[in-house]
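Examining the three-dimensional arrangement
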Amino acid sequence: MKVSLYGAGQLSNNVARILGTRASAKVSGPHGRDERDLALRSGADVVVIATTSFLREVAPDIRTALEAGSNVITSAEEAAYPWAVDPTLADEVDAVARERGLTVLGCGLNPGFAFDALLLTAMGAAWDVESIRVERVVDLSGFSSSVLRRIGVGYTREEFESGKQSGLITGHIGFPQSMSVVAGKLGVKLNKIDREIEPLISDGALEARHMTVPPGYTGGFRQQYVGWTTGRPWFECFFTGHVYLQGIGLEPRDDMWIKGSTPLHFSVDPGLNPQVSAPALLANSLQRVVESRPGWVTVADLPPATP
């Protein structure tokens, strides 16, 4: 299988490392933005795009790759369920994929696995689903400085609040996408999704791999998303990210509670490592995308990812 990697960051480089061990994959890249045409117009069986989190920024690249005859996997969190962001744009790109008999998938660790694919698999052991609660605690120390700044690390409390209001600080992206994927699979209509994010201010200096956080600045953040249906909370997501979890008394973990007639609790301990698991999800999704029905699909439409 011919695979072209667009995006020269840590994620693409780790995907290349994984695929480099597999005789079934012939890899071109990773290609930086100065090699956009080479990456997207390669005619590869699959183009993997790992450049941004945002739908509007990645949609033109997806369309270019589709028009060149390639299936597409993108790590853009908003692409995991693009209809939650821009239904018109999602429909337009979906139509291009269908016309050409090709597939688009937005996939990664979260969204793409932890709060949706893994959760849906766990629900197979439940009689019914009354409500859902999921929690992630994530070590952010391995992310680049640009990613850390975008999600909210390295700010005073005042700067954090200002950035949150302006959209400069996003926190972790992808909660509405995971919620929509799960709700859609279970036939639940979400009426609204509430969002909260709060800074975690460090008392001392913190050293991440690519950033030093001074005392009095944010070393991380807490987020909460709540999806409502018929006037009650149905899907609750909690996310804590920090560059030094031990300093706030936490360890990485992933937990899922499925409430209903047969309540279930699943825990991943230690939690899923983004630097390890995200590239694995992309590399392990190639075959299922090639074999999928045409159009823009979600992880709920596909079999599990496997090496």
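Refer to the structure printed above.
Here's a quick rundown of the structure. The residue numbering used here restarts from 1 in each chain and proceeds along that chain's sequence as written. In keeping with the model being predicted, local features are shown solely for residues with a pLDDT of at least 70 and side-chain atom pairs are shown and tallied solely at 80 or more, while totals for entire chains, interfaces and linings include all residues. Excluded from the side-chain calculation are hydrogens and water; included are all heavy atoms of the structure.

1. Details of helix α3 (residues 55-67)
The numbering of helices and of strands both runs from the N terminus, where a helix is a DSSP run of H or I of at least 4 residues and a strand a run of E of at least 2. One less than the residue count of a helix, multiplied by 1.5 Å, gives the span that helix is expected to have. For α3, built from 13 residues, the straight-helix expectation of 18 Å at 1.5 Å per residue is met to within 8% by its first-to-last C-alpha distance of 18 Å. A simple rule labels every residue: compare its accessible area, found with a 1.4 Å probe on the protein chains alone, to the largest value its type can have, and call it buried under 20%, exposed over 50%, or partly exposed in between. Along α3, the positions that sit buried rather than exposed are L55, V58, A59, D61, I62, T64, A65 and L66. One or two positions beyond α3, positive phi appears at G69, with a value near 95 degrees.

2. A short note on helix α1 (residues 10-19)
Along α1, the residues classified as buried are S12, N14, V15, A16 and L19. Residues of α1 that are buried sit in contact with β1 (2-6), β2 (26-31), α9 (274-283) and α10 (286-290). We call two residues contacting when some pair of their heavy atoms lies within 4.5 Å.

3. Some words on the pairing of strand β6 (residues 131-139)
Put simply, side chains in a regular strand alternate between the two faces of the sheet. Across the nine residues of β6, seven count as buried, placing the element largely inside the fold. For two strands to be treated as a pair, DSSP must find at least two bridges joining them. Pairing of β6 with strand β12 (residues 253-259), which is carried by seven bridges, proceeds in the antiparallel orientation. Bridge assignment links S131 to a residue of β12, and that residue is K259. Alignment of β6 against strand β11 (residues 232-242), held across eight bridges, turns out to be parallel. Following the sheet pairing, V134 is matched in β11 by C237.

4. Here we look at the packing of α3 against helix α4 (residues 87-100)
What counts as an axis is a line fitted to C-alpha atoms, over the stretch in contact for a helix, and the angles between N-to-C directions run from 0 to 180 degrees. Here α3 crosses α4 at 15 degrees, and the two axes come no closer than 10 Å. As summarised for this structure, α3 and α4 are arranged roughly parallel, according to the angle between their axes. Note that α3 runs across α4; the crossing there is left-handed. On α4, the residues that touch L55, R56, A59, I62, R63, L66 and E67 of α3 are L89, E92, V93, V96, A97 and R100. When residues are sorted by character, Ala, Val, Leu, Ile, Met, Phe, Trp, Tyr, Cys and Pro go into the nonpolar class, Asp, Glu, Lys and Arg into the charged class, and all the rest, Gly among them, into the polar class. In terms of residue class, the contact of α3 with α4 is built from eight nonpolar, no polar and five charged. The cut-offs work like this: below 35 degrees is roughly parallel, past 145 is roughly antiparallel, 65 to 115 is roughly perpendicular, and the gaps in between are oblique. Two helices crossing with the near one rotated counterclockwise from the far one by less than a right angle form a left-handed crossing, whereas a clockwise rotation gives a right-handed crossing.

5. A look at the packing of α1 against α9
Look at α1 against α9: their axes get within 9 Å of each other, and the N-to-C directions meet at 60 degrees. If you check the angle between α1 and α9, you find them oblique. The crossing of α1 and α9 is right-handed. Here α1 contributes Q10, L11, N14, V15, I18 and L19 to the contact with α9, which in turn contributes Q275, A278, P279, A280, L282 and A283. Of the residues contributing to the contact of α1 with α9, the split by class is nine nonpolar, three polar and no charged.

6. Side note on the sheet that holds strand β7 (residues 192-201)
Read from one edge to the other, the open sheet built from six strands follows the order β7-β10-β11-β6-β12-β13, with strand pairing classed as mixed. Edge strands, defined here as strands with exactly one partner in the open sheet, are β7 and β13 (264-268). Taken over all neighbouring pairs, the strand axes of this sheet differ in orientation by 10 degrees on average, direction set aside. Judged from the five bridges that link them, β12 and β13 form a sheet pairing that is antiparallel.

7. Comments concerning the nonpolar core
If you look at the biggest cluster of nonpolar residues, it comprises 62 residues, and the most contacted ones within it are L119, L140, L148 and F235. The biggest single contributor to this core is helix α8 (residues 175-186), with five residues. Filtering out sequence-adjacent residues up to four positions away, L119 remains in contact with F113, A114, I132, V134, V182, F235, M256 and I258. Only buried residues count toward a nonpolar core. Its members are Ala, Val, Leu, Ile, Met, Phe, Trp, Tyr and Cys residues joined through side-chain atoms within 4.5 Å.

8. Focus on unusual backbone geometry
Omega for the bond connecting G29 with P30 falls within 30 degrees of zero, at 10 degrees, which places this linkage in the cis form. Here the residue pair D269 and P270 is connected by a cis peptide bond, since its omega of 0 degrees sits within 30 degrees of zero. Looking at the element boundaries, P270 is found in the loop between β13 and α9. Even without being glycine, T230 reaches a positive phi, approximately 45 degrees. Structurally, T230 can be placed in the loop between β10 (218-229) and β11.

9. So, the environment of M1
Structurally, M1 can be placed in the segment before β1. For M1, a relative accessible area of 27% gives the class partly exposed. Along the backbone, M1 and W234 are 233 residues apart, and their C-alpha atoms lie at a distance of 41 Å. The residues contacting M1, other than those within four sequence positions of it, are S24, A25, K26, D45, V46, L286, Q287 and V290.

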